[in-house]
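Structural overview for review
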Amino acid sequence: MNHRWHRGALGAFMVVVLAHWAEHLVQAYQIWVLGWARPEARGVLGQFFPWLVTSEWMHYGYALVMIIGLFLLRPGFAGRARTWWTVALVIQFWHHIEHLLLLVQAQTHHFLFGAAAPTSVLQIVYPRVELHLFYNSVVFLPMVVAMYLHLRPNRYERELMDCTCAGAAPQSATVAA
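No experiment lies behind these values; they were computed from the predicted model shown.

**Regarding the state of the cysteines**
Going through the model one piece at a time under the given rule, you end up with zero disulfides. Lacking any disulfide linkage, Cys-163 is separated from the closest cysteine sulfur, that of Cys-165, by 3.5 Å. Residue classification places Cys-163 among the buried positions, given a relative accessible area of 9%.

**Overview of unusual backbone geometry**
At His-109, a position not held by glycine, the phi torsion is positive, near 60°. On the secondary structure map, His-109 appears in the loop between helix H5 (79-108) and helix H6 (128-151). Residue His-109 is classed as exposed on the basis of its relative accessible area of 60%. Positive phi is not limited to glycine here, since Phe-113 has a value of about 60°. Within the fold, Phe-113 resides in the loop between H5 and H6.

**Examining the packing of H5 against H6**
Contact pair H5 / H6: the axes reach a minimum separation of 7 Å and the direction vectors enclose 160°. The orientation of H5 relative to H6 falls into the category roughly antiparallel. Seen along the crossing, H5 lies across H6 with a hand that is left-handed. Taken together, the residues of the contact of H5 with H6 sort by class into 18 nonpolar, six polar and three charged.

Cut-offs and rules
- Residues numbered from 1 in each chain as written.
- Predicted model: local features only at pLDDT ≥ 70, side-chain atom pairs only at ≥ 80, totals over all residues.
- Heavy atoms only, no water.
- Disulfide = S-S within 2.5 Å.
- Buried < 20%, exposed > 50% of the residue type's maximum accessible area, 1.4 Å probe, protein only.
- Helix = DSSP H or I, 4+ residues; strand = E, 2+ residues; numbered from the N terminus.
- Axes fitted to C-alpha atoms, helices over the stretch in contact; angles between N-to-C directions.
- Parallel < 35°, antiparallel > 145°, perpendicular 65-115°, else oblique.
- Left-handed = near helix turned anticlockwise from the far one by under 90°.
- Nonpolar A, V, L, I, M, F, W, Y, C, P; charged D, E, K, R; others polar.

So far we have only geometry, and geometry alone does not tell us how the molecule works.
See the structure below:
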């Protein structure tokens, strides 16, 4: 997956990431532009399948897909791009832990911090919608930097790459005599 299929795997992964982003952005638009009450602001899929928004399994499943994707695609990156991809992976690991805590609470009906519903650690400080916009931003931004650097490697990074994401190495110009 990190050799000749790396570009395709990255593309497929980014479709999933961008679709998830779209859901959060639509939900934010529904709350802050349309003035909908938070329980009614369910993104796109949640309008048709309301149970999705309240399903901790769905949210945990996405967090798991993200961490697995970031982990599996990481070996294809080199140099600066790999550093930025690793930053996204580390942040997503924490985001995954938060969703695991939410899932366990939803399954056991034992809620942290005396809350009436599943509550993540940082959710005691920030509302859930804002917190997840923040999490998605701080995972997505280093991914974008990593992708940019991966597609534009310097000479050293290109030598370390096993994939063809950056295209063929530029040929050195020869001077005709």
